[in-house]
Amino acid sequence: MSGTLVLDCEGLSKLVRRTPELTEWLAAAEAEDIRVVTSSVTLVEARDPRTNQARFDYAVSRVNIIPPTETVARHASKLLAAAGLHGHKYALDAIVAATALASPAPVTVLTSNTEDLRVLCGPGIRVLKI
């Protein structure tokens with residue numbers, strides 16, 4: 001593997017909706033042997049009741065699902081504290097950030113929320129707007 005592509009809620013939602021931009025990212029990641037991941041909590045956050053379950057399940061089957069282990073959760077908690085952010089509002093972003101930081105480099109996170117994820121991930125992770 002030559003790196004990791006992390007999808008947050010918006011990235012996964014766009015994969016489910018089959019947006020051309022996300023389809024291109026997945027094709028490029030596959031061509032470069034880049035692992036595509038999302039946190040298991042992102043599955044819950046991205047679930048839209050208007051989306052057919054089979055379509056959602058197919059999209060999810062195309063990425064590696066990473067569970068938030070205790071280590072990831074503790075790291076997420078420390079990231080929140082260091083950034084001065086409250087878990088009630090930023091918990092899921094912190095888990096995505098901790099997942100990205102635990103992934104093989106180089107790591108790119110695709111998100112609609114670049115400001116918060118850049119703060120949580122720090123300079124070692126590329127955070128791009130999707």
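Everything below is about the structure shown above.
Quick notes on the rules
Residues numbered from 1 in each chain as written. Predicted model: local features only at pLDDT ≥ 70, side-chain atom pairs only at ≥ 80, totals over all residues. Heavy atoms only, no water. Pairing = 2+ DSSP bridges. Helix = DSSP H or I, 4+ residues; strand = E, 2+ residues; numbered from the N terminus. Axes fitted to C-alpha atoms, helices over the stretch in contact; angles between N-to-C directions. Contact = heavy atoms within 4.5 Å. Phe/Tyr/Trp six-rings, centres within 6.5 Å; stacked < 30°, edge-to-face > 60°. Lys NZ or Arg CZ within 6 Å of the ring centre and 35° of its normal. Parallel < 35°, antiparallel > 145°, perpendicular 65-115°, else oblique. Nonpolar A, V, L, I, M, F, W, Y, C, P; charged D, E, K, R; others polar. Buried < 20%, exposed > 50% of the residue type's maximum accessible area, 1.4 Å probe, protein only.

Let us look at the sheet that holds strand 3 (residues 64–66). Reading across the sheet, the five strands line up as 3-2-1-4-5 and stay open at both edges, with parallel pairing between neighbours. Of all strands in the sheet, those with a lone pairing partner are strand 3 and strand 5 (126–129), marking the two edges. Direction aside, neighbouring strands of the sheet carry axes that sit 30° apart on average. Sheet topology note: the strand 2 (residues 35–39)/strand 3 ladder contains three bridges and is parallel. Residue pairing for strand 3: serine 39 is matched across the bridge by isoleucine 66. Strand contacts of helix 1 (residues 9–16): strand 1 (4–7), strand 2 and strand 4 (107–111), with the helix running at about 90° to strand 1, the strand carrying the most contacts. The strands touched by helix 7 (residues 114–121) within the sheet are strand 4 and strand 5, with strand 5 carrying the most contacts at an inclination of about 175°.

This part takes up the packing of aromatic side chains. Scanning the entire structure with this criterion turns up zero aromatic pairs. Over the face of the ring belonging to phenylalanine 56 we find arginine 47, whose NZ or CZ atom lies 4.8 Å from the ring centre.

For the pair helix 1 and helix 2 (residues 20–31), interaxial distance at closest approach is 8 Å and the crossing angle is 100°. Viewed along their axes, helix 1 and helix 2 adopt a mutual orientation that is roughly perpendicular. Counting all contacts with helix 1, which are made through Gly11, Lys14 and Leu15, the residues of helix 2 involved are Glu21, Leu22 and Leu26. A breakdown of the residues in the contact of helix 1 with helix 2 according to their chemical character gives three nonpolar, one polar and two charged.

Right, let's talk about the side chain of threonine 51 for a bit. Among the structural elements, threonine 51 can be located in the loop between helix 3 (40–46) and helix 4 (53–61). What makes threonine 51 buried here is its relative accessible area of 18%. Leave out the neighbours within four places in its chain, and threonine 51 touches Val16 and Phe56.

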